[in-house]
Structures are given as structure tokens and as C-alpha cells.
Amino acid sequence: MTDSEHILVVDDHPDIRDALARYLKEHGFRVTTADRAATARQALETSAVDLVVLDIMMPGEDGLSLCRHLRATTSLPVILLTAMAEDTDRIVGLEMGADDYVTKPFNPRELLARIKAVLRRTGALPPTAGDMPGTRYRFGPWTFDPNTQTLTGAGGDAVVLSTGESLLLGVFVRHPGRVLNRDQLLDLTRGRTAQLFDRAIDNQVSRLRKKLERDARNPEFIKTHWGGGYSFAARVEVVRP
């Protein structure tokens, strides 16, 4: 990770937004701020952003809606800010593809550590450690390019994957037939620095199944092993450049 990553901070509270922007700038980041989703969309159209810190509760379009839009159109990492103490908002955010979350009131030092951890996973490190550029994986009707996070069907139609979904699929296609428990999947996809709970893996698997499987309730590719974890049941062909 370099000192020039560009962070977009989206929060309708100016005291939180401005204080966080100053703190991140003091630690070497470039920072753009937005007070609402519409302003954030404009910033994303005109600037190259490396990560979004996104408040959930905002007037007008809320943070979850903007997060859903980002996951459908980009692989941009997202860290959610939520004032809610319940697990519901955090789980919904992770299900939508957010990379991490921080609950308000938060310690700026903790948020900084999480930003750096997410950037290490999704930006500075190669999307697939050990894969040469151009390496692809074929299974069933699908072709997966982990370096570009692209999943293409037999008809040539591309399916958008979030960063988390791409990391998880990358683990599966490189370990076909092997049962991987939740701890192993957390370590291989995100690392323990993320401090995410095991249910995050279940949510990622559920989203990935909906994109891969003809019938997500009767999966062909990602099998569940009760009490053990998950395995990738497809035959995988590695295509190297």
C-alpha cells in the first residue's frame, strides 16, 4: 500500500466527516468528502477512488442503497459506518458486499487500521496470490479471471462479483474437492485482521451461489458439509497465458 490512496468519506454529519478527513490526511491519504449519496456518486464519476467509507443512515438515498449500487457496478472496497447497535444493519451490509464495518462512535485509530487492512487485501496485494496475469479457471459453463474479478458464462455474458465474492471463488477454484471450514475460508479470503465473524462466510457463500448456481437451494458447485464447512465440487481447468 502506498501513501497516496484516495479515500471517499460519505457522511451527512459534518463534524464526523470533517474530523475523519483531517485524521486520514494526517496519515498520508488523499481524501474527498461527500455529505450525501448524490454527492458521492458525482465524486465517483470524476475521481479515481480506492476505498469508500460510507455512513448507513443518511437523508435521501441511504448508505445501504449506495453500497448496493457500488457492488453492482464496481469492485470498489466499502467500509460501512453504522450508529445501530443491533447486528441487523451490519449483516445486511455484509450481505450486500461491504468489506467491513465500524460502529459509531468509533475510534479513528481502529477505522484507520481497518482501512489499511482492506486496502492490503483488495488493492495492494494481487487479487490472487501466485496467479500470473491472464490466468483463468474454467468450470461448468463458467470462466473466472481472478486478476480482473470477472466471471463469464458460456454465452459470453459477464457477471459482476464483489471483492469478497471474487476472493472466495478464487479460494474454491484453487482447492477443488477440498472441504474448507469457516476459519480456513476467513484466513484465505480476508485474513484475521478483518475481525469478521463466521457468519460473514455463510453470507458470501449464499450470494455466490445465487450467481453461480441454476438452483441455489440445490447447489451443483458449492457444497455444504454440515459441521465442517464448504467444498467446491466442480472439475476445474486452469488456463494459463
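Note that the structure is a prediction, hence the values are computed from the model and not measured.

Engineer: Which residues make up the overall build of the protein chain, and what values go with them?
Structural biologist: Within the protein chain, the secondary structure is distributed over eight helices and twelve strands. Long-range pairs, those at least 24 residues apart, make up 59% of the contacts in the protein chain with a sequence separation of at least 6. When the accessible surface of the protein chain is totalled, it reaches about 11,600 Å², and 50% of it is carbon and sulfur.

Engineer: With reference to specific residues and values, describe the pairing of strand 10 (residues 222–225).
Structural biologist: Sheet analysis places strand 10 next to strand 11 (residues 229–232), joined by four bridges and oriented antiparallel. Paired with His225 across the two strands is Gly229, which belongs to strand 11. If you look at the hairpin formed by strand 10 and strand 11, you'll find three residues sitting between the two strands, and Gly227 has a positive phi there, around 80 degrees.

Engineer: An account of the packing of aromatic side chains is needed here, citing residue identities and associated values.
Structural biologist: Going through the model one piece at a time under the given rule, you end up with four aromatic pairs. Measuring from ring centre to ring centre gives 6.0 Å for Phe172 and Phe232, while their planes differ by 15 degrees; the resulting arrangement is stacked. Of the two residues, Phe172 sits in helix 6 (residues 163–174) while Phe232 sits in strand 11, which places them 60 residues apart along the sequence. The pair formed by Phe172 and Phe232 is uniform in burial state, with each residue classed as buried. Aromatic pair Phe221 and Phe232: ring centres 6.2 Å apart, planes at 20 degrees, arrangement stacked. A residue pair is termed long-range when its members are at least 10 positions apart, and Phe221 in the loop between helix 8 (199–212) and strand 10 and Phe232 in strand 11 qualify at eleven residues. Ring-pair connections join several aromatic residues into one group, and the members of that group are Phe139, Phe172, Phe221 and Phe232.

Engineer: Explain the side chain of Asp145 to me, using residue names and the numbers behind them.
Structural biologist: Here Asp145 shows up in strand 7 (residues 142–145). Buried charge Asp145 goes without a salt bridge, the closest partner of opposite sign being Arg136 at 5.7 Å. In this structure the side chain of Asp145 is engaged in a polar contact, spanning 3.0 Å, whose partner is the backbone nitrogen of Asn147. Those residues in contact with Asp145, other than ones at most four positions away along the chain, are Thr135, Arg136 and Thr150.

Engineer: Lay out the nonpolar core with the relevant residues and their values.
Structural biologist: With 24 residues, the main nonpolar core has Phe139, Leu169, Phe172, Leu212, Ile222 and Phe232 as its most contacted residues. Looking at this core, the elements that each hand over two or more residues are strand 6 (136–139), strand 7, helix 6, helix 7 (182–189), helix 8 and strand 11. Considering each element in turn, this core owes the most residues, five residues, to helix 6. Ranked by size, the runner-up nonpolar core spans 23 residues in total, among them Ala43, Val49, Leu66 and Ala98.

Conventions used here
- Residues numbered from 1 in each chain as written.
- Predicted model: local features only at pLDDT ≥ 70, side-chain atom pairs only at ≥ 80, totals over all residues.
- Heavy atoms only, no water.
- Helix = DSSP H or I, 4+ residues; strand = E, 2+ residues; numbered from the N terminus.
- Contact = heavy atoms within 4.5 Å.
- Areas by Shrake-Rupley, 256 points an atom, 1.4 Å probe, with all protein chains shown as cover.
- Pairing = 2+ DSSP bridges.
- Phe/Tyr/Trp six-rings, centres within 6.5 Å; stacked < 30°, edge-to-face > 60°.
- Buried < 20%, exposed > 50% of the residue type's maximum accessible area, 1.4 Å probe, protein only.
- Lys, Arg positive; Asp, Glu negative; His and termini not counted.
- Salt bridge = Lys/Arg side-chain N within 4 Å of Asp/Glu carboxyl O.
- Polar contact = N/O pair within 3.5 Å; in protein donor to acceptor, adjacent residues only side chain to side chain.
- Core = buried A, V, L, I, M, F, W, Y, C linked by side-chain atoms within 4.5 Å.

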